[in-house]
Amino acid sequence: MNRFEVTTKIGCFSVTYKKRNKVLVCLNGAGLIPSYENFLPILEKLPSSIGYLTIDFPNTGRSPIHDQAGKKLDNLVDAVYEVLEELGISEYILCVHSLSGILACKLINKPIKCQALLAMEPTTKKIMFADFSENPYPEMEEQIRMIEECGQEK
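Residues numbered from 1 in each chain as written. Predicted model: local features only at pLDDT ≥ 70, side-chain atom pairs only at ≥ 80, totals over all residues. Heavy atoms only, no water.

Asks: Help me out: how do you make sense of the overall build of the protein in this one?
Replies: A tally of helices and strands in the protein yields five helices and six strands. Counting from the amino terminus, the protein carries its helices and strands in the arrangement β-β-β-α-β-α-β-α-β-α-α. Per-residue burial over the protein gives 38% buried out of 154 residues. The long-range share in the protein, meaning contacts at least 24 apart out of those at least 6 apart in sequence, stands at 63%. (Helix = DSSP H or I, 4+ residues; strand = E, 2+ residues; numbered from the N terminus. Buried < 20%, exposed > 50% of the residue type's maximum accessible area, 1.4 Å probe, protein only. Contact = heavy atoms within 4.5 Å.)

Printed below as a string of structure tokens:
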């Protein structure tokens, strides 16, 4: 695994990269936990034939603070795509968490082929603009009821 920084138009990305022909690209949401550490339970279980790329956006994880005034989601999508191009990634599996779910919807339409998308607790426009007096995750109610009734083990 190599850890290095990539300078983009919107700031510096801290990345970890293990080169292989097939690559799992992991994108975190906002916060202080570096993407590598957040996705480590998954990365440790990857077969040796699959590489990975984790990216910390500016002001998250290990990436330095950089003024994001005037920057939009499309700027972030373009910057992530530039990293994929610079590293010569020609196809990838995309694994996203939280806010990166919205980014993924735009990234998978870029020319480099995304073979599959795994979105864990993705943020959606509905969630971002939800009235939290109501449950923004109604689809989880049945799962929560089953966990409470049966226990987490089952």
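Asks: Hey, could you run me through the pattern of salt bridges in this one?
Replies: When the charged atoms of two side chains with opposite charge come close together, those side chains can pair. Across all of its chains, the model carries three salt bridges by this definition. For R62, the salt bridge is made with E37, and the minimal N-O distance between the two is 2.6 Å. Linking R62 in the loop between β4 (50–56) and α2 (73–86) with E37 in helix α1 (residues 35–43), this pair joins segments that are 25 residues apart in sequence. What makes R62 partly exposed here is its relative accessible area of 35%. (Salt bridge = Lys/Arg side-chain N within 4 Å of Asp/Glu carboxyl O.)

Asks: Looking at this structure, I do not really get the pairing of strand β1 (residues 2–8). What am I missing?
Replies: Consecutive side chains along a regular strand alternate between the two faces of the sheet. Pairing between β1 and strand β2 (residues 11–18): seven bridges, direction antiparallel. Note on β2: the bridge partner recorded for T7 is C12. (Pairing = 2+ DSSP bridges.)

Asks: What's the story with the environment of V25 in this structure? I'm lost.
Replies: Mapped onto the elements of the fold, V25 is located in strand β3 (residues 22–27). Residues V25 and I93, spaced 68 residues apart in sequence, show a C-alpha to C-alpha distance of 6.1 Å. With near-sequence residues (within four places) excluded, V25 lies in contact with L53, L84, Y92, I93, L94 and C95.

Asks: How do you make sense of the nonpolar core when you look at a structure like this?
Replies: For soluble globular proteins, nonpolar side chains are generally found buried alongside one another. In this structure, F13, L27, L53, I55, Y92, L94 and L107 are the most contacted members of the largest nonpolar core, which totals 28 residues. Not counting chain neighbours up to four residues away, the residues in contact with L94 comprise V25, L27, A104, L107, I108, C114, A116, L117 and L118. Within the second largest apolar cluster, eight residues are counted, among which are C26, Y36, F39 and C95. (Core = buried A, V, L, I, M, F, W, Y, C linked by side-chain atoms within 4.5 Å.)

Asks: Looking at this structure, I do not really get unusual backbone geometry. What am I missing?
Replies: Most peptide bonds are trans, and most residues other than glycine sit at a negative phi. Backbone geometry places N59, a non-glycine residue, at a positive phi of 75°. Its place among the elements puts N59 in the loop between β4 and α2. The class of N59 is partly exposed, set by a relative accessible area of 31%. Backbone geometry places S98, a non-glycine residue, at a positive phi of 55°. With respect to the helices and strands, the residue S98 is situated in strand β5 (residues 91–98).

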